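Topology and contacts: notes
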Amino acid sequence: MAFKRFSYLDHAGDTPSPSLEVVLQGVNGVSHRTLALIDTGSEWSGLSKELADKLGSPAELYPTEAQDWEGVTARSWWQEGPTVSVMGYVIGLSPLIREGLPVVVLGRLDFLVHFRFTVEQAQCAFVLEPTDDLVTAHE
């Protein structure tokens, strides 16, 4: 599949940013359509605890050690986690779970690793191009 260009989207009145409308699929079969921010500053994706609970993340999936994420305690969902559907691809996530996180975050090591990501800041747009491993997995 070729690249796809996206316009920045607005998060509840914030400055438009590199964001996508995505469908998250939980381990319990629940799906959730939402806006997700592509965050090159985040190694891992992130979900609010409330959304993670809705998608079927029981407490026993969290490791016992908390991680510090932006000064707030977060827990990891390193086992089989939710998936995100983007551009016809289904990508597994290993998100950090944080109480009250206001937006779904797509990080570098579980989401962006599958794409070439180019920002066109002057045009308030970005490009996603699937990497070879993602294209092969989809065919």
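Residues numbered from 1 in each chain as written. Predicted model: local features only at pLDDT ≥ 70, side-chain atom pairs only at ≥ 80, totals over all residues. Heavy atoms only, no water.

What follows is about the pattern of salt bridges. Counted under the stated rule, the structure contains three salt bridges. One salt bridge connects Glu43 with Arg108, and the closest N-O pair in it is separated by 3.9 Å. Taken together, the residues Glu43 in the loop between strand 3 (31–38) and strand 4 (46–48) and Arg108 in the loop between strand 10 (104–106) and strand 11 (115–120) connect sequence positions 65 residues apart. With its nearest N and O atoms 2.8 Å apart, the salt bridge here joins Asp53 to Lys49. Taken together, the residues span about one helical turn, with Asp53 and Lys49 both in helix 1 (residues 49–54) at a distance of four residues. Asp53 sits in the partly exposed class, given a relative accessible area of 37%. (Salt bridge = Lys/Arg side-chain N within 4 Å of Asp/Glu carboxyl O. Helix = DSSP H or I, 4+ residues; strand = E, 2+ residues; numbered from the N terminus. Buried < 20%, exposed > 50% of the residue type's maximum accessible area, 1.4 Å probe, protein only.)

This part covers the nonpolar core. In this structure, Leu20, Phe111 and Leu128 are the most contacted members of the largest nonpolar core, which totals 26 residues. Counting only elements with at least two residues in this core, the list comes to strand 2 (19–25), strand 3, helix 1, strand 7 (83–86), strand 8 (89–92), strand 10 and strand 12 (125–130). (Core = buried A, V, L, I, M, F, W, Y, C linked by side-chain atoms within 4.5 Å.)

The next subject is the side chain of Ser19. Here Ser19 shows up in strand 2. Setting aside residues up to four positions removed in sequence, Ser19 forms contacts with Ser7, Leu9, His11, Leu35, Ala36, Leu37, Ile38 and Phe126. (Contact = heavy atoms within 4.5 Å.)

What follows concerns the pairing of strand 11. Of the pairings in the sheet, the one linking strand 11 to strand 12 comprises six bridges and is antiparallel in character. Residue Phe117 lies in a different strand from strand 12, and its bridge partner there is Leu128. The loop that links strand 11 with its antiparallel partner strand 12 comprises four residues; one of these, Cys124, has a positive phi angle of about 50°. (Pairing = 2+ DSSP bridges.)

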